[in-house]
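# Per-entry structural report
Listed below, chain by chain, are the residues.
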Amino acid sequence: MSTPIPDYPLDIFTPEAVRDARSVDDALREFAPVVRLHDGTCMIARHEHVTSGLLDWKSFSSTSRPWHDPNSPRPEILLTDDPPRHTQVRKVVSDALSPRALERTKAIFQASAEAFVGKLREREGEAVDAVGEITQAWIFDILPEVLGLPKEGRHHMHGFSQMVWATMGPPGELFDEAMDHDFSAVVEWLGTACDRNALDPAGIGASIFAAADAGQVTEDEAKLLLQTVLSAGADTTYLTMANAIRAWALFPEEYAKLRANPKLLRSAFDESLRWDSPSRMAGRIATVDVAIGDYVVPAGTRCGLMFAAANRDPRFWDAPDEYRIERDTRHSLGWGYGVHGCVGRMLAQTEAQAFLGTLVREVEAFEIAGEYEPWMTTVGHGPIKQPVRLKFT
């Protein structure tokens, strides 16, 4: 006989919970190895169980998930597939974002980063928003360029970001508030900007459509994949880079280590991804009865595998609330795990190497200059505003 899964007494998706998501998610993790929310969704938050769930795609399928609406305005491909279809579609993106394919983009990212940071130097000593005026501003400008999207309409990246993440969570106050916005202009821009005929032939987007010519996917699927890369390559990356800047301000001794040894940049980026993960959870559906400790999640149950809480699980991590650039993050779940591990990892690391690498070289110190404001979405997580001051060398 298995122990009944305990009902969780709190709603973890209210505005109040989202504002305090770190402590809310950590409290859920400590309540029990698996809990049941009021809508029947089971949440799993300990590192051991989240890791095994991500690795076992047959038992925890991506084809259905909590609050999944197949008619949502976000791209419906890749993240909602399992092998063998997922493997076929993933290869298209993997090839488009391979180290060889990204090699030519390094110079583009680097030149853009240096120009951007050069302008930031003019604001030394001022309070500057690490998100809206630094990481998000840079990503929203350079990513569409590298993908080959037309320049017209790129301001819709902000609306696209909100639209995608708002549809991932459950109905409620934040979902309703987001959906009250008129996204019709965003949807129209997304449709036209990602059309094959609108793309720069030298951009990454064109290489995704080339896979349609080879019969790997249809043209419609290629367009969906480009939209997926546009979303996934933007939001989690700028949030992680903003968290890196925030961590460097809060842990100046760690930033000093990084400046003394810039080769630690990748480790520093990966640690920021673990320290405050930009996604609270991934949705799955149990296809069989799954044992979680003394509990059993019944087949057909929709589940949330909680990345962020698992990345702070003290059962696995030493001093998880501390940011340590030399930490071994090989088992961090910030990049996902298993077949659904982040296909855009190389792209994000290429972006970070250029932009954060330039900041590390040019900025002697970061200082917190105002209150942290959380991004008010139920599944996406991180700062939407974090004022900082930059002291340049």
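Residues numbered from 1 in each chain as written. Predicted model: local features only at pLDDT ≥ 70, side-chain atom pairs only at ≥ 80, totals over all residues. Heavy atoms only, no water.

In this section: the pairing of strand 8 (residues 302-305). The sheet contact formed by strand 2 (residues 42-44) and strand 8 spans 3 bridges and is parallel. Within strand 8, the residue paired with Ile44 across the bridge is Leu305. Taken together, the 4 bridges between strand 5 (residues 282-286) and strand 8 define a ladder with antiparallel strand orientation. Across the sheet, the residue bridging to Arg284 is Cys303, located in strand 8. (Pairing = 2+ DSSP bridges. Helix = DSSP H or I, 4+ residues; strand = E, 2+ residues; numbered from the N terminus.)

Take unusual backbone geometry next. The phi angle of most residues is negative, glycine excepted, and most peptide bonds adopt the trans form. A positive phi angle, close to 45°, is found at Ala319, a residue other than glycine. Its location among the elements puts Ala319 in the loop between helix 16 (307-310) and helix 17 (345-362).

On to the sheet that holds strand 2, then. Strand order in the open sheet formed by 5 strands is 1-2-8-5-3, with mixed pairing between adjacent strands. Pairing within the sheet leaves two strands with one partner each, and these edge strands are strand 1 (34-36) and strand 3 (60-61). Here helix 3 (residues 47-55) sits on the sheet in contact with strand 2, strand 3, strand 5 and strand 8, set at roughly 120° to strand 8. (Contact = heavy atoms within 4.5 Å. Axes fitted to C-alpha atoms, helices over the stretch in contact; angles between N-to-C directions.)

The 3 strands are arranged 4-12-9 in an open sheet whose pairing can be described as antiparallel. Here the strands that pair on one side only, and so sit at the sheet edges, are strand 4 (128-129) and strand 9 (363-368). Strand direction decides the pairing type here: strand 4 and strand 12 (residues 387-392), joined by 2 bridges, are antiparallel. Residue Asp129 lies in a different strand from strand 12, and its bridge partner there is Pro387. Of the strands in this sheet, strand 9 and strand 12 are in contact with helix 13 (residues 235-250), which crosses strand 9 at around 90°.

Given a rise of 1.5 Å per residue, 16 residues ought to cover 22 Å, and the 22 Å separating the end C-alpha atoms of helix 13 matches this to within 8%. Counting buried residues in helix 13 gives 14 out of 16 residues, a clear majority hidden from the surface. (Expected span 1.5 Å × (residues − 1). Buried < 20%, exposed > 50% of the residue type's maximum accessible area, 1.4 Å probe, protein only.)

Take the pattern of salt bridges next. Within the structure shown, the criterion is met by 31 salt bridges. Across the pair Arg389 and Glu367 runs a salt bridge whose closest N-O atoms are separated by 3.7 Å. One end of the pair, Arg389, is in strand 12; the other, Glu367, is in strand 9, and 22 residues separate them in sequence. With relative accessibility at 32%, the residue Arg389 sits in the partly exposed group. Judged by relative accessible area, Glu367 falls into the partly exposed class, the value being 45%. Taken together, the shared-partner salt bridges in this structure form one network comprising Asp26, Arg29, Glu30, Arg312, Asp313 and Arg315. (Salt bridge = Lys/Arg side-chain N within 4 Å of Asp/Glu carboxyl O.)

Trp248, Phe355 and Leu356 are the most contacted members of the largest nonpolar core, which totals 118 residues. Apart from residues no more than four positions distant in its own chain, Leu356 is found in contact with Met241, Ala244, Trp248, Leu265 and Phe269. (Core = buried A, V, L, I, M, F, W, Y, C linked by side-chain atoms within 4.5 Å.)

Moving on: the packing of aromatic side chains. For the coordinates displayed, the defined rule picks out 14 aromatic pairs. Judged by centre distance (4.6 Å) and plane angle (15°), the ring pair of Trp138 and Phe355 falls under stacked. Pair noted here: Trp138 is in helix 7 (residues 131-147) and Phe355 is in helix 17, with a separation of 217 residues, a long-range link. Residue Trp138 is classed as buried on the basis of its relative accessible area of 0%. The interplanar angle of 75° and the centroid separation of 4.8 Å between the aromatic rings of Phe316 and Trp317 together place this pair among those described as edge-to-face. On the basis of relative accessibility, which here comes to 39%, the residue Phe316 falls in the partly exposed class. An aromatic cluster is present here, built from Phe109, Phe116, Trp138 and Phe355 joined pairwise through their rings. (Phe/Tyr/Trp six-rings, centres within 6.5 Å; stacked < 30°, edge-to-face > 60°.)

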